[in-house]
Amino acid sequence: MTPTPRKASVEEKILQTARRLFCQAGIHATGIARIIEESGVSRRSLYTHYGSKENLLKAVFETEANMWFHWFDSDLSQMERSADERILALFDLMQEWFRRDDFFGCVFINAVAEHEKSNSWIQEIANAHRDKITARLVAMVTESGARDPELVTEKLNLLIDGTIVAAMVTGDGKIAHIGKQAAADILRCAK
């Protein structure tokens, strides 16, 4: 017997719809009314669960951050492979993400790009996320035996961000394969 798919809760419907719309149409262009309409929930439900558009955006940030943390803390860490191979496997995970119907770029990159640069709370959240990812990545780079783990990590960070943007702009998830090749070059030269 095939299990019946779990029905999304009201909170999940709101969050999934907001995440898609914020990335697809933009945060400023997406009003509460559109989120309510497309998620099929009441205004009261949205405000009961999130209180404001700003809180909803913070929840969307948290959802995407959790995807990254799951990759590093579960998927990659459980692989019985070398550190180099686990770093390169990150690009395979990104390629799967790029192939999803709901991929419209990284919510952190999109939000910083869309908002006034003096809007510090968005930049603070994006930088805090980047710092947490960097800490996980530098640990793997250090384990790989790189001579200058911080520099190699920064090169990989730039490559990861560029790969995400290129996949968003081109709509071609295969760009992750090129990113993986470039990462292999960086790691090879780092020893």
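Everything discussed here concerns the structure shown above.
Bear in mind the structure is a predicted one, so any value in this text is a computation, not a measurement.

### So, the pattern of salt bridges
Scanning the entire structure with this criterion turns up 12 salt bridges. For Arg-20, the salt bridge identified is with Glu-38, shortest N-O distance 2.7 Å. Of this pair, Arg-20 sits in helix α1 (residues 10-24) while Glu-38 sits in helix α2 (residues 32-39), and the two are 18 residues apart along the sequence. Among the salt bridges present, the one from Asp-84 reaches Lys-191, with a minimum N-O distance of 2.7 Å.

### Some points on the packing of helix α4 (residues 53-76) against helix α7 (residues 120-143)
At a minimum axis distance of 11 Å, the contact between α4 and α7 shows a crossing angle of 0 degrees. Taken together, α4 and α7 sit at an angle that is classed as roughly parallel. Along the contact surface, α4 presents Glu-54, Leu-57, Lys-58, Phe-61, Ala-65, Trp-68, Phe-69, Phe-72, Asp-73 and Leu-76, while α7 presents Trp-121, Ile-122, Ile-125, His-129, Lys-132, Ile-133, Arg-136, Leu-137 and Met-140. Residue composition of the contact of α4 with α7, grouped by class: 13 nonpolar, 1 polar and 5 charged.

### Quick word on the environment of Ile-175
Tracing the backbone shows Ile-175 in helix α9 (residues 175-189). The spacing of Ile-175 and Ala-128 is 47 residues in sequence and 26 Å in space, taken between C-alpha atoms. Once you skip the residues sitting within four places of it in the chain, Ile-175 turns out to touch Phe-98, Thr-163, Ala-166 and Ala-167.

### As for the side chain of His-129
On the secondary structure map, His-129 appears in helix α7. Those residues in contact with His-129 that sit more than four places away from it in its chain are Ala-65, Trp-68, Phe-69 and Phe-108.

### Digging into the packing of helix α5 (residues 83-99) against helix α8 (residues 149-170)
Two elements in contact, α5 and α8, have axes whose closest approach is 11 Å; the angle formed by their N-to-C orientations is 20 degrees. Between α5 and α8, the crossing angle belongs to the class labelled roughly parallel. Two packed elements cross with a definite hand, and for α5 against α8 that hand is right-handed. Within the contact between the two elements, α5 uses Ile-87, Leu-90, Phe-91, Met-94, Trp-97 and Phe-98 and α8 uses Leu-156, Leu-159, Ile-160, Thr-163, Ile-164 and Ala-167. A class-by-class count of the residues in the contact of α5 with α8 yields 11 nonpolar, 1 polar and no charged.

### Some thoughts on the packing of aromatic side chains
Here a ring pair, both rings aromatic, is described through the centre-centre distance and the interplanar angle of the planes. This structure, assessed with the given rule, holds 8 aromatic pairs. Between Phe-61 and Phe-108, the aromatic rings sit 5.0 Å apart at their centres with planes inclined by 15 degrees, giving stacked as the arrangement. In this pair, Phe-61 is assigned in helix α4 and Phe-108 in helix α6 (residues 107-114), connecting sequence segments 47 residues apart. Note on accessibility: Phe-61 and Phe-108 belong to one class, buried. Ring centres of Trp-71 and Trp-97 lie 5.9 Å apart, and the angle between their planes is 75 degrees; on these two criteria the pair is classed as edge-to-face. Of this pair, Trp-71 sits in helix α4 while Trp-97 sits in helix α5, and the two are 26 residues apart along the sequence. Comparing Trp-71 with Trp-97 shows no difference in burial state: the two are buried. A cation over a ring is seen here: Lys-58 above Trp-121, with NZ or CZ 5.2 Å from the ring centre.

Basis of the calculations
- Numbering of residues starts from 1 in each chain and follows the order in which that chain's sequence is written.
- Local features in this predicted model are restricted to residues whose pLDDT is 70 or higher, and side-chain atom pairs enter the listing and the counts only when it is 80 or higher, whereas totals over whole chains, interfaces and linings include all residues.
- Hydrogens and water are ignored here; the side-chain numbers use all heavy atoms of the structure.
- For this analysis, a salt bridge means a side-chain nitrogen from Lys or Arg found within 4 Å of a carboxyl oxygen belonging to Asp or Glu.
- Elements are defined by DSSP. Helices are runs of H or I of four residues or more, strands are runs of E of two residues or more, and each kind is numbered from the N terminus.
- Axis lines are fitted through C-alpha atoms, for helices just across the contact stretch, and the angle between N-to-C directions can take any value from 0 to 180 degrees.
- Working definition: roughly parallel below 35 degrees, roughly antiparallel above 145 degrees, roughly perpendicular at 65 to 115 degrees, and oblique for all remaining angles.
- In this description, contact between two residues means that some pair of their heavy atoms is separated by no more than 4.5 Å.
- All residues other than Ala, Val, Leu, Ile, Met, Phe, Trp, Tyr, Cys, Pro, Asp, Glu, Lys and Arg, Gly among them, are scored as polar; the first ten of these are nonpolar and the last four charged.
- Should the near helix be turned anticlockwise from the far one by less than a right angle, the crossing is termed left-handed; should it be turned clockwise, right-handed.
- What counts as a ring pair is set by centres within 6.5 Å for rings of Phe, Tyr and Trp (its six-membered ring), and what kind of pair is set by the plane angle: stacked under 30 degrees, edge-to-face over 60, tilted for all other angles.
- Each residue gets one of three labels from its accessible area relative to the maximum for its type: buried under 20%, exposed over 50%, partly exposed in between, using a 1.4 Å probe on protein chains only.
- Either the NZ atom of lysine or the CZ atom of arginine qualifies as a charge over a ring when it sits within 6 Å of the ring centre and within 35 degrees of the ring normal.

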